[in-house]
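Residue-level listing of the chains:
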Amino acid sequence: MSISMKDEILKRILTANGEAVSGQELADSLGVSRTAVWKHMQSLQEEGYTFETVKKKGYVLTSVPNSLSPTQIELFLNTERFGREIHYFDIVDSTQTIAHKLAQEGAPHGTIIIGEEQTAGRGRMARPWESANGTGIWMTVIVRPDVTPQQASSYTLVVAVAVTMAIKTLYKHIEPAIKWPNDLLIKGKKCTGILTEMQAEADCVQALLVGIGINANQVASDFSPEIADIATSLRLEAGEEINRAALVASILQYLEQFTELYVKEGFVSIKKLWEQMSCTIGQRIEVTTLRGRFEGIASGITDEGVLQLTEDNGTVRTIYAGDIRI
Ligand code: BTN
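Residues numbered from 1 in each chain as written. Predicted model: local features only at pLDDT ≥ 70, side-chain atom pairs only at ≥ 80, totals over all residues.

A.B. asks: What's the story with the pairing of strand β10 (residues 284-289) in this structure? I'm lost.
C.D. replies: Strand residues, when the strand is regular, have side chains that alternate between the two faces of the sheet. Here β10 runs beside strand β11 (residues 292-301); their pairing, made up of six bridges, is antiparallel. Bridge pairing in β11 places glutamate 286 opposite glutamate 295. Taking the residues between adjacent antiparallel strands as the criterion, β10 and β11 are bridged by two residues. As defined by bridge partners, β10 adjoins strand β14 (residues 323-325) across three bridges and the pair is classed as antiparallel. Its bridge partner being in β14, glutamate 286 is matched across the sheet by arginine 325. (Pairing = 2+ DSSP bridges. Helix = DSSP H or I, 4+ residues; strand = E, 2+ residues; numbered from the N terminus.)

A.B. asks: I'm lost on the sheet that holds strand β5 (residues 137-143) in this one. Help?
C.D. replies: Two orientations exist for strands paired in a sheet by backbone hydrogen bonds: parallel and antiparallel. Pairing is mixed across the open sheet formed by seven strands, whose spatial order is β3-β4-β5-β9-β8-β7-β6. With one partner strand each, in any of the chains shown, β3 (86-92) and β6 (177-179) form the two edges of the open sheet. Looking at each pair of strands side by side, their axes are set apart by 20° on average, direction ignored. The pairing of β6 with strand β7 (residues 183-186) spans three bridges and is antiparallel. (Axes fitted to C-alpha atoms, helices over the stretch in contact; angles between N-to-C directions.)

In structure tokens, the structure reads:
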């Protein structure tokens, strides 16, 4: 997919390594008028980029916004379809709600919805999800995999692997671990939650609405007292500011790659990676499900992504959905 003229101008200025880039040269090399270049520069300034104009030399970039605007994400994006349609909002109730509507209207596979802030962010079991302005990544991806609704239940695990891989690739010294089915923890504290909702008919999935919430740049005082002891952010763990746009792009790349594999070969193709990244298997856990509460050892995961719990009397239970306490 071709990148926009504005992105191309920004890319050239970003890659000039602090050297001035002349407006006339930009216009000539891109085959547009000097006024068109100026208009794109104005629009970049409105998005929060700042430039110094060096007389007779051109523009020097002085700062980039900490935003998840399409322009910022596209700078890092290396995918075919994921993230190629971006719906970006300063404030939304929940990106899930918007995704449901867009999916019903036919939004393509890989469409993403991002809000800088959510006023009614939600997690699993209708729990609220803290989504303060500009600190985290609050994103829903619309995925249209060719799988049955039964098979789709393991997709959350695929997403957890993709997000873990992206975090580990960009921030080598932090080690997120997957708590079945949908949490990423660092040193026992939650940094990411995944909420997968579905639009389906009896035997075919229309769309999966994959909500990903990542605590990226919060400092400790940003968390409410209710979650201060159990939540963390990537910034707190990595000791550096997180480039949210680069992280979104990397997640989308892994997600695209793993989704293709998952559709072709099933969850089994990702199972080994999931096992390596999980902090659940081998642990004593307590599981709350719709059928009741059970205790035992999380003894494994099936090729379909179903958790196996070995109870103290030796019974092996299969857990399709639930909440666990380690
Ligand atoms: C959980 O841990 O229970 C899942 C949390 C999922 C939060 C994300 S943020 C983006 C998307 N929009 C929402 O309202 N929720 C998900």
